[in-house]
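Commentary on secondary and tertiary structure
Next come the chains, spelled out residue by residue.
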Amino acid sequence: MKHAKWLLLLVLLASLALGLAACGGDTEPTSPPAEQPTEVSEVQPTDEPASEPTQAPEPTTPPTDTPLPEPADTPETEEEEEEFDLSSLSSTAELSSYKSTMWITMVSDDNGQEQEQTIEVSIEYTSEPRAQHITMSGAVTGPGAEGGTIEMYLIEDTMYMKMEDQWLSMPATEEDLDEDAFITPDAMLEDLCGWRKEGSDEINGVKVEHWTFTKDDIDKCMPYEDLTGLGELTNADGDLYVAKDDNYVVLMELMYEGENLDMDIGDTDEGVQVVRMEIHYETTDVNEPFTIEVPAEAMESSSLPDDIPVPDGTTGVNNMFGMINYTSETAPEEVYVFYQEEMPNNGWTEVSADAMSGLWMLEYTKDGRTANVMITEDDAGNASVMITVAEGE
């Protein structure tokens, strides 16, 4: 089941990024009811053996379906009308603005000891101006457990990211600004079938269509190889609410339970044995006016030092942990001369300057600080520049 593996990969990658460690939490997977087929076979030998086979399929129809008088034609018509079309969902990137929140709670079995972990991801998005604010936080159970938060802003052509207490900045591409490249409901719903239409409802003032599924529904519609690839799924259910007008996911809740839900990550031989996973996704403030603003501390801490100049024609400036990278349309030789002239004008003292085939290196000092400039030539003949600035002790 591709969507389940995708979700678990997200959880584990987030855990690694946040440095989470967990322990505790008991959850026992429930077994799926397997009695209905037996009951049907017991009833068939009784009265009217010829008519019983025509009645036997009726118990397999989900009990939540509204009963209709026609016994044969109605189920086929209902199945066609109630089949959920994932491709019909609107992309959140098509909305002018929205806010979404997702919680994932995962209980896993680590050598016989259960561990519980929760990841929360919130997204704010506006199309005019094009901007995103993403926050991912983690929490775990057990004494001494630690959590953490990663925060990110994508404004115009720049990405600002906060890890621990450090703000970083780097160039942002159109793909970065496209929400579909991150977390969307359709990615979580991919390859999940068996949805049944329950009817209409209203959530937070939005008129919605309500869909549900159970493990029995998954068993009926999912190919055998996909089921066995997921593991021993013992229980599952879901609720999906889709806006009638704009056709986006307003609310989604999924639950999976099982034994040995083996999800291999990367190239390692070790898998994570998941016994329960719960997902909650909610979209609010759709097409409502609001503004996403980068905090002043992010702008200040991620900006270039005032005394480190860059030549005209510079693109893709990236500043992380005292390392500045960029590409300049200026020829490498000219960038080399630029720093020889401009660094002293900004109070720096030249320590060394070396020019060799395809590589130019300079070193400067100022008030206990050290700046090293390395210039190389890319395939297009442009200058690729890396500057490292080390603060004095």
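Basis of the calculations
Residues numbered from 1 in each chain as written. Predicted model: local features only at pLDDT ≥ 70, side-chain atom pairs only at ≥ 80, totals over all residues. Heavy atoms only, no water. Salt bridge = Lys/Arg side-chain N within 4 Å of Asp/Glu carboxyl O. Buried < 20%, exposed > 50% of the residue type's maximum accessible area, 1.4 Å probe, protein only. Pairing = 2+ DSSP bridges. Helix = DSSP H or I, 4+ residues; strand = E, 2+ residues; numbered from the N terminus. Contact = heavy atoms within 4.5 Å. Phe/Tyr/Trp six-rings, centres within 6.5 Å; stacked < 30°, edge-to-face > 60°. Lys NZ or Arg CZ within 6 Å of the ring centre and 35° of its normal. Core = buried A, V, L, I, M, F, W, Y, C linked by side-chain atoms within 4.5 Å.

For the structure shown, the criterion picks out eleven salt bridges. Of the charged contacts in the structure, one is a salt bridge between E278 and R276, with a shortest N-O distance of 2.5 Å. E278 gets classed as partly exposed once you look at its relative accessible area, which sits at 33%. Residues joined in a network through salt bridges with shared partners are D307, K366, R369 and E391.

What follows is about the pairing of strand β16 (residues 369-377). The two faces of a sheet get side chains in turn, since along a regular strand they alternate between them. Inspection of the sheet shows strand β15 (residues 359-366) paired to β16 by eight bridges, in the antiparallel sense. Bridge pairing links T365 to T370 in β16. Once β15 ends, the chain turns through two residues before running back antiparallel as β16, passing D367 with a positive phi of about 50°. Both β16 and strand β17 (residues 383-390) contribute to a ladder of eight bridges, which runs antiparallel. Within the sheet, the bridge partner assigned to V373 lies in β17 and is I387.

Before going further, it helps to spend a moment on the environment of M252. Its location among the elements puts M252 in strand β10 (residues 249-264). For the pair M252 and L189, spaced 63 residues apart in sequence, the C-alpha separation works out to 9.7 Å. Ignoring any residue separated from it by four or fewer positions in sequence, one finds M252 in contact with P185, M188, L189, D239, L240, I279, H280 and Y281.

Attention now moves to the packing of aromatic side chains. Applying the stated rule across the entire model yields six aromatic pairs. Taken together, a centroid distance of 5.3 Å and an interplanar angle of 65° make the contact between F84 and W211 edge-to-face. Here W211 lies in strand β8 (residues 206-214) and F84 lies in the loop between α4 (73-82) and β1 (97-110), a separation of 127 residues in the sequence. Here F84 falls in the buried class, since its relative accessible area comes to 16%. Summarising the aromatic geometry, the rings of F338 and Y339 are spaced 5.1 Å apart at their centres and angled 85° between planes, so their arrangement reads as edge-to-face. No difference in accessibility class separates F338 from Y339, as the two residues are buried. Pairwise contacts between aromatic rings join F84, W195, W211 and F213 into one cluster. In this arrangement the basic side chain of K99 is found over the ring face of F290, its NZ or CZ atom lying 4.8 Å from the centre.

The subject of this paragraph is unusual backbone geometry. With an omega of -5°, the peptide bond between E128 and P129 qualifies as cis. Among the secondary structure elements, P129 is positioned in the loop between β2 (113-127) and β3 (130-140). At N247, a position not held by glycine, the phi torsion is positive, near 60°. Its place among the elements puts N247 in the loop between β9 (232-243) and β10. Phi at D285 is positive, roughly 55°, even though this residue is not glycine. Position of D285 relative to the elements: it lies in the loop between β11 (271-284) and α9 (296-302).

Our focus in this paragraph is the pairing of β17. Alternating positions in β17 separate cleanly, A383, V385, I387 and V389 being buried on one face and S384, M386, T388 and A390 remaining unburied on the opposite face. As judged from the six bridges shared by strand β13 (residues 323-328) and β17, these two strands associate in the antiparallel manner. What sits directly across from Y326, in β17, is V385. In this antiparallel pair of consecutive strands, β16 and β17, the connection spans five residues, and G381 shows a positive phi of 85°.

Judged by nonpolar contacts, the single largest core of 48 residues is most densely connected at W195 and L240. For L240, the contacting residues outside a window of four places in its chain are F84, L189, W195, E209, H210, W211, V249, L251 and M252. Judged by nonpolar contacts, the second largest core, of 19 residues, contains F338, W348, Y364 and V389.

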